[in-house]
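In case you want the letters, here they are:
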Amino acid sequence: MSDAPLPTPAIPPGTAPAAASDTDTDTDTDTATDTDTDTDTLRAAELRAAVHHHAHRYYVLDAPELPDAAYDALFQELQALEAAHPALRTPDSPTQRIIGQVLAGFA
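Residues numbered from 1 in each chain as written. Predicted model: local features only at pLDDT ≥ 70, side-chain atom pairs only at ≥ 80, totals over all residues. Heavy atoms only, no water.

Okay, a nonpolar patch on the surface next. A contiguous nonpolar surface patch, about 380 Å² in accessible area, is contributed by Tyr58, Tyr59, Val60 and Leu61. Structurally, Tyr58 is set in helix H1 (residues 29-60). The class for Tyr58 is partly exposed, based on a relative accessible area of 38%. (Patch = residues over 30% accessible without salt bridge, like charges linked within 9 Å, V, L, I, M, F, W, Y side chains within 5 Å. Areas by Shrake-Rupley, 256 points an atom, 1.4 Å probe, with all protein chains shown as cover. Salt bridge = Lys/Arg side-chain N within 4 Å of Asp/Glu carboxyl O. Helix = DSSP H or I, 4+ residues; strand = E, 2+ residues; numbered from the N terminus. Buried < 20%, exposed > 50% of the residue type's maximum accessible area, 1.4 Å probe, protein only.)

Shown next, in the form of structure tokens:
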């Protein structure tokens, strides 16, 4: 077993949440909650897109870009986010369906 760190999971370019400003002095609780919700919503969308992308590469194309552990980490982060915020769970979320196609022998 290697001690090398796992590569950072690929998230589609341009979809990373904006970093919080160190100079932000807004103390309005509603605004902070809205910002947290916006960040969670964006992160859930990023994770759904990344998991869909990597599942397709793995299951359909047989050309994975990530080690299994990195994919599992993305999937588990999405599960945890949806569990903490059920409103973020969408019908097309990878957590809501079985990924992959039925093999011809099982149809």
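In this section: the confidence of the model for the chain. Overall, the prediction assigns the chain a mean pLDDT of 77, with 59% of residues at 70 or greater. Counting interchain partners and residues more than four positions distant, the pLDDT-below-50 stretch residues 12-26 has 11 contacts. (pLDDT = per-residue confidence, 0-100. Contact = heavy atoms within 4.5 Å.)

Ranked by size, the top nonpolar core spans 13 residues in total, and within it Ala44, Leu47, Val51, Tyr71, Leu74 and Leu81 carry the most contacts. Looking at this core, the elements with two or more residues in it are H1 and helix H2 (68-84). At 6 residues, H2 tops the list of elements feeding residues into this core. Sequence-distant contacts of Leu81, that is, excluding residues within four places in its chain, are made with Asp40, Arg43, Ala44, Leu47 and Leu88. (Core = buried A, V, L, I, M, F, W, Y, C linked by side-chain atoms within 4.5 Å.)

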